[in-house]
Amino acid sequence: MTTHAKAVRDYQYLHNVQEVDDIVTAMDEVEFLMMDPTKKRATDMLEGLISIWFSEASRDGRSMDTKVRSIARHYGLENYINK
């Protein structure tokens with residue numbers, strides 16, 4: 001299980017590499033958080049945004065350093081880094 005603090009750190013690192021382009025899906029995540037503003041829901045939102053980031057990265061060829069690859073493995077998103 002991912003802690004909220006780890007999800008925040010990981011998302012911030014990825015966001016600093018490159019922002020998420022899919023703003024519509026990101027806003028959907030924020031809307032769900034607003035309906036249920038709990039730490040668990042916030043963590044779920046960040047995990048969703050991390051997944052979106054890797055989905056976009058696999059399509060547009062974003063650079064993936066060792067830390068990015070480690071984050072992908074932690075969230076079970078290895079399929080995005082092996083393309």
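What this report covers is the structure whose coordinates are included nearby. Predicted model, so just to flag it, every value in this text is computed and none were measured.

## Digging into the pattern of salt bridges
Inference 1: What the rule picks out here adds up to 2 salt bridges.
Inference 2: Measuring nitrogen to oxygen at the nearest pair gives 2.9 Å for the salt bridge that ties Asp10 to Lys6. Here the residue Asp10 and the residue Lys6 both occupy positions in helix H1 (residues 4-17), the gap between them amounting to 4 residues, near one helical turn.
Inference 3: Exposure remark for Lys6: the relative accessible area of 23% places this residue in the partly exposed category.
Inference 4: Across the salt bridge formed by Asp44 and Lys40, the nearest N and O atoms sit 2.9 Å from each other. Placement of the pair is Asp44 and Lys40 together in helix H3 (residues 39-60), with a separation of 4 residues, close to one helical turn.
Inference 5: Exposure remark for Lys40: the relative accessible area of 53% places this residue in the exposed category.

## Remarks on the nonpolar core
Inference 1: In terms of nonpolar packing, the biggest core is built from 23 residues, with Leu14, Ile50, Trp53, Phe54 and Leu77 touching the most fellow members.
Inference 2: Contributing elements (two or more residues each) for this core: H1, helix H2 (23-35), H3, helix H4 (66-74) and helix H5 (78-81).
Inference 3: Of the residues forming this core, the biggest block, 9 residues, is contributed by H3.
Inference 4: Apart from residues no more than four positions distant in its own chain, Phe54 is found in contact with Leu14, Met64, Val68, Ile71, Ala72, Leu77, Tyr80 and Ile81.

Rules used throughout
- Residues numbered from 1 in each chain as written.
- Predicted model: local features only at pLDDT ≥ 70, side-chain atom pairs only at ≥ 80, totals over all residues.
- Heavy atoms only, no water.
- Salt bridge = Lys/Arg side-chain N within 4 Å of Asp/Glu carboxyl O.
- Helix = DSSP H or I, 4+ residues; strand = E, 2+ residues; numbered from the N terminus.
- Buried < 20%, exposed > 50% of the residue type's maximum accessible area, 1.4 Å probe, protein only.
- Core = buried A, V, L, I, M, F, W, Y, C linked by side-chain atoms within 4.5 Å.
- Contact = heavy atoms within 4.5 Å.

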